[in-house]
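In case you want the letters, here they are:
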Amino acid sequence: MTDVRSTNRAAVAFENVTVSLGGNTILENISASVPEGSCTAIVGPNGAGKTTLLLALLGEVSSSGRIRISHTDQGQDLRIGYIPQRLHFDRGMPLTVLEFMVMGWQRRPLWFGIRRKHRKRALDLLASVKMDGLKKRRLGALSGGELQRVLLALALGQEPNLLVLDEPASGVDFQGGQIFCELLEKLRHEQGFTQLMVSHDLPTVTHHATHVICLNRQVVAEGTPREVLTSETLCKIFGLHMGLVDSGALHIGTKNCSSTCCTKGDTDA
Amino acid sequence: MPELDVLYNLIPKMLPFESMEMKFMQQALVGLLLLAPMVALMGVQVVNFRMAFFADAISHSAFTGVALGLILSVSPHWTMPAFGVIVGLTIVASQRRSALSTDTVIGVFFSGVVAFGLAVVSRDKGAARNIQQFLYGDILTIGNNDIWAMIALLSVLVFFQVYGYNRLLYIGLNPVVAKVHGVRVAAYQYIYAGLLSLVVIFSVRAVGVLLVTAMLIVPAAAARNFARSSGGMVWWALLVSTTSAIIGLLISAQDWARTATGATVILVAFAWFLVSSGVNFIRGEERA
């Protein structure tokens, strides 16, 4: 068994991070790390402060303590790509998928048209998430899963070293979630970014994560899924019913969840 | 200062109507033609990102701007835009810091600003005449200084929209994603609010506080029905607002009409909106 933390340096290190909002302590003394190149999952029940921890990392909520984000080998700041839990927008608004993509990096306003090189880049990115067929579709007409993939393509356009996802599977149907998790796995291996995601979907975590941070206002446990997702820890953070996950059946790097994408993963392992 | 008369003299040649021979009509047309692209460009974002209430609050701050001018003995030409911008920037600053919902923050400012204006005006009976103009607007009394100010504002605004349109779209869709992906969200939000406040204040002079939101929203709403893309929506908004301005002014000056110019402009834009809804309905039927 290899310990990811010992072989990798941390892409992100939380050191004694505390977040209080309106007099309530949401997060208390969080110290945890996100190993470089890992797929790290933050798990915990509703109200555990998972999203708040992400927002603190992104500088959207103020926190005490330190959050250290490492640098690239060239000494530059890590480029971060972010995929929110939901995109709240006016679904009737005329905005095509292609325009949505190009908006991220073309300076020339969309009403003067899209430059050929930007169009090509957008189409390449959309193809990488299997969405190139829907480039002319209105953004508001996409299903939850399709929108999630377009958001992934937009984030990939940042050429991220660190990809941050907030509940990637929420609001997406089973099949959509499956396509999305397969894609992420493939892209992470191809592009080598560090992935940090918030999830309360334990099958997804057991299947994909290489590192898990269990959170319930404080860090309850941290380590590989096998170390962390024990019935003892799960009972502690989720309550009684989580004896369903049998941690003894988990092996590092192998896939062990009921979804079909996992069955496919078994053959790679 | 270069002469605007060259511009005015062109108008009767391009629009050979009897009413267009008069200088105040020529000034009014130039004023409206400067205002139309501004409301079209800003209106697209107001409609897509549901900022109508914001525009409404700013327009009512014009009321307090007039009142402040009375107290300080300064021309309302200065106090209205200055106060409008202050209110606009304050609302954005509060939104960014407050846990209250956006419409509550705006509503609070809205009521404070209107109450202050009413309090001042109720003390001074002579202010009532100013208030009439403020309620209904009067594009026909627009002067050369106003025109110059609008030319300056239009130049800044077009530059800002060309430079920042895509970024504003990004911020409107999700400010956190935009910020993480390198957009300077705060700067864009403040500049947009400042410019929108100025556009609203100039629109108050043209169509009055009752119709200022319509000026921003109706062309953009029609454009939204016509357009199939975000880029297309801008061009449709420009077309609808410019044609509404010209046709509205011409109709209002006809003997058979003799209606208030601002209201007539909005009515033409509303007719555009009805057509656009029809087009949208037919398209929906085709798709179904």
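### Digging into the overall build of chain B
Assigned secondary structure in chain B consists of twelve helices and zero strands. Listed by position from the N terminus, the elements making up chain B come as α-α-α-α-α-α-α-α-α-α-α-α. For 288 residues, the compact-globule formula gives about 19 Å, and the C-alpha radius of gyration of chain B, at 19 Å, lands near that figure. Referenced to the eigenvectors of the C-alpha coordinate spread, the extents of chain B come out at roughly 55 × 55 × 35 Å. Put simply, chain B has 288 residues, and 52% of those count as buried. At a minimum sequence separation of 6, the contacts of chain B that also span at least 24 residues come to 74%.

### Examining a nonpolar patch on the surface
On the surface, a nonpolar cluster with roughly 540 Å² of combined accessible area is contributed by Ile71, Leu72, Val74, Trp78 and Phe116 of chain B. Tracing the chain through its elements places Val74 of chain B in the loop between α3 (52-72) and α4 (76-97).

### Some details on the pairing of strand β7 (residues 194-199) of chain A
Residues in a regular strand point their side chains to alternate faces of the sheet. All names here are of chain A. Taking burial as the measure, the six residues of β7 include six buried ones, the bulk of the element. Sheet topology note: the strand β3 (residues 39-43)/β7 ladder contains five bridges and is parallel. The partner of Cys39 across the bridge, within β7, is Gln195. The sheet contact formed by strand β6 (residues 162-166) and β7 spans five bridges and is parallel. By the bridge assignment for β7, Leu163 is matched with Gln195.

### Notes on the interface of chain A and chain B
Each partner contributes residues to the interface: chain A has 34 residues there, and chain B has 30 residues. Summing both partners gives a buried area of about 2900 Å² for chain A against chain B, and 60% of it is carried by carbon and sulfur. Three residues stand out in chain A for area buried against chain B, namely Pro94, Arg107 and Trp111 of chain A, and they jointly supply 29% of the buried area on that side. Here chain A is connected to chain B by three salt bridges. Applying the counting criterion to the chain A and chain B interface returns 15 residue pairs in polar contact (both at pLDDT 80 or more).

### Side note on the confidence of the model for chain B
Detail in the predicted coordinates should be disregarded across regions flagged by low pLDDT. Residues and elements named next belong to chain B. When pLDDT is averaged across chain B, the result is 89; 97% of the residues are at 70 or more. Here helix α6 (residues 128-136) stands out as the element of chain B with the lowest mean pLDDT, 72, in contrast to helix α11 (residues 230-253), whose mean of 95 is the highest. For this predicted complex, the interface score ipTM comes out at 0.86, while the overall pTM is 0.87.

### Brief notes about empty space enclosed by the protein
All names here are of chain B. Throughout the structure, instances matching the rule amount to three cavities of 30 Å³ or more. The space that makes up the largest cavity amounts to roughly 70 Å³. Ala36, Val39, Ala214, Met215, Pro219, Ser241, Ser244, Ala245, Val265, Ile266 and Ala269 are the residues that line the largest cavity. Within the residue set of the lining of the largest cavity, elements represented by two or more residues are α2 (23-48), α10 (212-226), α11 and α12 (261-287).

### Description of unusual backbone geometry
All names here are of chain A. Although it is not a glycine, Glu159 adopts a positive phi angle of roughly 45°. If you trace the backbone, Glu159 turns up in the loop between α5 (144-156) and β6. Even without being a glycine, Arg217 presents a positive backbone phi close to 70°. If you trace the backbone, Arg217 turns up in the loop between β8 (211-216) and β9 (218-223). With relative accessibility at 39%, the residue Arg217 sits in the partly exposed group.

### Describing the sheet that holds β9 of chain A
Within a beta sheet, neighbouring strands are joined by backbone hydrogen bonds and run either parallel or antiparallel to one another. All names here are of chain A. If you trace the six strands from one edge of the open sheet to the other, you get β5-β6-β7-β3-β8-β9, paired in mixed fashion. What marks the edges here is a single partner per strand, and that holds for β5 (80-83) and β9. Shown here is a sheet whose adjacent strand axes are inclined to one another by a mean of 15°, direction ignored. Bridge count between β3 and β8: four bridges; the pairing is parallel. Directly across from Ile42, in β8, lies its bridge partner Ile213. Against the sheet, helix α9 (residues 231-238) touches β3, β8 and β9, its axis set at about 155° to β9.

### Considering the packing of α2 of chain B against helix α7 (residues 144-173) of chain B
Residues and elements named next belong to chain B. As a packed pair, α2 and α7 sit with axes 10 Å apart at the nearest point and diverge in direction by 20°. If you check the angle between α2 and α7, you find them roughly parallel. Crossing of α2 over α7 shows left-handed handedness. Taking contact as the criterion, the partners of Gln27, Val30, Gly31, Leu34, Leu35, Pro37, Met38, Leu41, Met42, Val44 and Gln45 in α2 are, on α7, Asn144, Ile147, Met150, Ile151, Leu153, Leu154, Leu157, Val158, Gln161, Tyr165 and Leu168. Tallied by class, residues from the contact of α2 with α7 come to 17 nonpolar, five polar and no charged.

### Notes on the sheet that holds strand β2 (residues 24-35) of chain A
Residues and elements named next belong to chain A. Pairing is antiparallel in the open sheet, where three strands are placed in the order β2-β1-β4. Looking at strand neighbours, the two that pair on one side only are β2 and β4 (64-69), the edges of this open sheet. Put simply, the sheet's adjacent strands are angled 15° from each other on average, direction ignored. Bridging between strand β1 (residues 10-21) and β2 involves eight bridges; their strand directions are antiparallel. Residue Phe14 lies in a different strand from β2, and its bridge partner there is Ala32. Against the sheet, helix α2 (residues 50-57) touches β1, β2 and β4, its axis set at about 115° to β1.

### Focus: the environment of Asn166 of chain B
For Asn166 of chain B, the position within the fold is in helix α7. On the basis of relative accessibility, which here comes to 1%, the residue Asn166 of chain B falls in the buried class. Remark: the alpha-carbon pair of Asn166 of chain B and Gly231 of chain B, spanning 65 residues in sequence, is separated by 9.8 Å. Setting aside residues no more than four positions away along its own chain, Asn166 of chain B makes contact with Met103, Gln106, Arg107, Arg108, Pro109 and Leu110 of chain A. Reaching out from Asn166 of chain B, the side chain makes a polar contact with the backbone oxygen of Gln106 of chain A at a distance of 2.7 Å.

Parameters and conventions
Residues numbered from 1 in each chain as written. Chains lettered and ligands numbered in written order. Predicted model: local features only at pLDDT ≥ 70, side-chain atom pairs only at ≥ 80, totals over all residues. Heavy atoms only, no water. Helix = DSSP H or I, 4+ residues; strand = E, 2+ residues; numbered from the N terminus. Rg over C-alpha atoms; globule rule 2.2 N^0.38 Å. Buried < 20%, exposed > 50% of the residue type's maximum accessible area, 1.4 Å probe, protein only. Contact = heavy atoms within 4.5 Å. Patch = residues over 30% accessible without salt bridge, like charges linked within 9 Å, V, L, I, M, F, W, Y side chains within 5 Å. Areas by Shrake-Rupley, 256 points an atom, 1.4 Å probe, with all protein chains shown as cover. Salt bridge = Lys/Arg side-chain N within 4 Å of Asp/Glu carboxyl O. Pairing = 2+ DSSP bridges. Buried area = accessible area lost by both parts, 1.4 Å probe. Polar contact = N/O pair within 3.5 Å; in protein donor to acceptor, adjacent residues only side chain to side chain. pLDDT = per-residue confidence, 0-100. 1 Å grid on protein atoms, 1.4 Å probe; cavity = no way out; pocket = protein on both sides within 12 Å on 5 of 7 lines; lining within 4 Å. Points joined across faces, edges and corners; volume = space filled by probe spheres on them. Axes fitted to C-alpha atoms, helices over the stretch in contact; angles between N-to-C directions. Parallel < 35°, antiparallel > 145°, perpendicular 65-115°, else oblique. Left-handed = near helix turned anticlockwise from the far one by under 90°. Nonpolar A, V, L, I, M, F, W, Y, C, P; charged D, E, K, R; others polar.

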